[in-house]
Amino acid sequence: MSKAHFGLIGLGVMGENLVLNAERNGFTSVVYNRTYSKTDAFLKSRAQGKSIIGSTDLVDFVGKLERPRRILMMVKAGSSTDAVINQIAPYLEEGDLLIDGGNSQFLDTERRVSDLESKSFGYIGMGVSGGSKGALEGPSMMPGGTKSSYKHVESLLRKMAAQVEDGPCVTYIGPGGSGHFVKTVHNGIEYGIEQILAEAYDLMKRVGGLNGSQIADVFSSWNETEELSSYLVEITASCLRVKDPNDGQDLVEKIMDKAGQKGTGLWTVVSALELGASVPTIYASLNARVLSSMKSQRVHAESILRGPNRINFDMGKLDNGMSLLKDAVILSTIASYAQGMELMRIASNEYDYKLHMPSIAQIWKGGCIIRSTLLKRIQNAFDSDPQLSNLLVDPWFATQVNSRLNGLAKVVSGAAASGIPVPCFASTLDYINSYRSSRLPQNLVQAMRDCFGSHTYERVDMEGSFHTEWDQ
Ligand code: NAP
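Residues numbered from 1 in each chain as written. Predicted model: local features only at pLDDT ≥ 70, side-chain atom pairs only at ≥ 80, totals over all residues. Heavy atoms only, no water.

**Quick notes on the site of the ligand**
Close to the ligand lie 20 residues; Met 14, Asn 33, Thr 35, Lys 38 and Val 75 are nearest. The backbone of Val 13 places a nitrogen or oxygen atom 3.2 Å from an oxygen atom of the ligand. Val 75 places a polar main-chain atom, nitrogen or oxygen, 2.9 Å from an oxygen atom of the ligand. When the ligand sits alone it has 890 Å² of accessible area, and the protein chains cover 77% of it. Every element with two or more residues in the shell around the ligand is listed here: helix H1 (13-24) and helix H4 (79-88). Residues of the shell around the ligand, tallied by class, amount to eight nonpolar, eight polar and four charged. (Near = heavy atom within 4 Å. Polar contact = N/O pair within 3.5 Å; in protein donor to acceptor, adjacent residues only side chain to side chain. Areas by Shrake-Rupley, 256 points an atom, 1.4 Å probe, with all protein chains shown as cover. Helix = DSSP H or I, 4+ residues; strand = E, 2+ residues; numbered from the N terminus. Nonpolar A, V, L, I, M, F, W, Y, C, P; charged D, E, K, R; others polar.)

**Things to note about the domain arrangement of the protein chain**
Segmenting the protein chain into domains produces domain 1 (6-176), domain 2 (183-435) and domain 3 (442-472). For domain 1 versus domain 2, the distance between C-alpha centres works out to 32 Å. Domain 1 puts 28 residues into the contact, and the matching count from domain 2 is 23 residues. At the boundary of domain 1 with domain 2, total buried surface from both sides reaches about 1800 Å², with 58% on carbon and sulfur atoms. The interface formed by domain 1 and domain 2 holds two salt bridges in total. Viewed at the interface, domain 2 and domain 1 are joined by 10 residue pairs in polar contact (both at pLDDT 80 or more). Put simply, the parts of the chain that give the side of domain 1 that touches domain 2 at least two residues each are helix H5 (106-118), strand S6 (122-129), helix H6 (131-137), strand S7 (140-145) and strand S9 (167-168). (Domains from an automatic or database assignment. Contact = heavy atoms within 4.5 Å. Buried area = accessible area lost by both parts, 1.4 Å probe. Salt bridge = Lys/Arg side-chain N within 4 Å of Asp/Glu carboxyl O.)

**Here we look at the pairing of strand S2 (residues 29-32)**
As a general feature of sheets, a regular strand has side chains that alternate between the two faces. Along S2, one buried face is formed by Ser 29 and Val 31 and the opposite face, lined by Val 30 and Tyr 32, is buried too. Where strand S1 (residues 6-9) lies against S2, four bridges are found, and the strand directions are parallel. Among the inter-strand pairings, Ile 9 is bridged to a residue of S2, identified as Tyr 32. On the question of chirality, the crossover connecting S1 to the parallel S2 by way of H1 is right-handed. Regarding topology, helix H2 (residues 36-44) serves as the crossover connection from S2 to the parallel strand S3 (residues 52-55), and that connection is right-handed. (Buried < 20%, exposed > 50% of the residue type's maximum accessible area, 1.4 Å probe, protein only. Pairing = 2+ DSSP bridges. Right-handed = clockwise from strand over helix to strand, strands pointing away.)

**Considerations on the side chain of Asp 250**
The topology assignment puts Asp 250 in the loop between helix H10 (231-241) and helix H11 (263-275). Among the polar contacts listed, one links the side chain of Asp 250 to the backbone nitrogen of Gly 212, at a separation of 2.8 Å. Contacts of Asp 250, omitting those with residues within four sequence positions, involve Asn 211, Gly 212, Leu 240, Val 242, Lys 243 and Asp 244.

**Considering the sheet that holds S3**
Taken in spatial order, the seven strands line up as S3-S2-S1-S4-S5-S6-S7 in an open sheet, and their pairing is mixed. The open sheet has two edge strands with one neighbour each: S3 and S7. Between one strand and the next, the sheet's axes are offset by a mean angle of 25°, whatever the strand orientation. Pairing of S2 with S3 involves four bridges; the strand directions are parallel. In the strand pairing of S3, Val 30 is matched with Ile 53. (Axes fitted to C-alpha atoms, helices over the stretch in contact; angles between N-to-C directions.)

The structure is reproduced here in structure tokens:
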């Protein structure tokens, strides 16, 4: 029997769908899962009649693969990934390639790339986005590692990926852990946009008095526009239309208002802090999830702490698509992308990843959770100026800021006066107002630091480093 082209370890929701995708694209496959009953169930159900065979152990698994082997691991990130690598490494031979498609921490990937490559195996750390549907139909994939290793799986990945007008949604990202770093930032941007859409829903419900179907109609109308057409806006509308079969009420209103935050959102913010990148909209979305998880404390506090009385502030007319609220959503979404791209630019310099921003925007245009028409504009912006310091100053995005900042400010001030939290909208407003200010009050901060700690300061009117005895 001829050997299989491709091997997959880990038959979770992602692994099952990715191997079906590979097989559909002409790559005969062999699968292994720690718990064999899952392999058995898969072979007897979704894999039946397909060119997919199973293995009960890793020796048999590697023996069924053509050389050099191409093996994709889709297992839980962290120690599980290390465990799988340690179990399979003794059976690999020179030139074989392991791909980690899980949501691994990029520094773990750096370590694994250098460990494995020193043993003459190839190792790719690859971010995969698109959820189970994307994995089956075509995800966006962000592979990093040595270029020669990538070349070994390029044809497979290009066939498996989502396809957009200018090609497949996969490209070589860069060396080491760069693929997983880019996936991490992708997820950070995703956190931001999800929270922005939740804030818009909350205002439409609490201030506008709209029900789920009416709010869904607004999101659907936004989804028809260039600025907001996206997968996340589309599914927001879908979620808001679903009724509870028990009583016909909006099902979202029955969902506990607690959101978890997994590794990638946290890692985006930690990396940004370490690298000195400003990502306040993304951070606000992470913090919103953290605060949401404190449900019992919030319930208790609501009976003690009082906010201002609700006012009916202007969010724009319903038949005009709530234009001011739409301004707030557009600018906050742009800010999430701008902050993520800025973080990647800084990381690219720090880690020498040589990230190519237009290509990253290109592979996010299809398959992934943050796919949107805005990414075409982002791709164009970095194509026309590869050294672009921040998306906000690109001519098209600057026009958006200049025409919509007033709307964002009105929504934030109305929400603040009503005591309704809008962390991403408010952070975005401060971010843009700070970024567009040539003079900020950090001169006084510098004076204080010099006063208590002799940290010295620079002056705007002469060169050098200065110290003053401030409290004499
Ligand atoms: P998952 O629940 O994260 O992982 C399940 C798989 O990991 C199972 O095959 C399980 O084997 C295996 N596993 C766990 N610990 C193991 C160990 N110590 N040794 C060997 N195998 C072990 O599944 P998933 O949702 O399909 O995700 C797979 C990876 O893709 C994760 O890293 C995840 O973060 C990432 N990812 C997920 C999504 C998504 O939408 N779900 C999207 C992008 C990326 P058993 O069956 O034996 O327990």
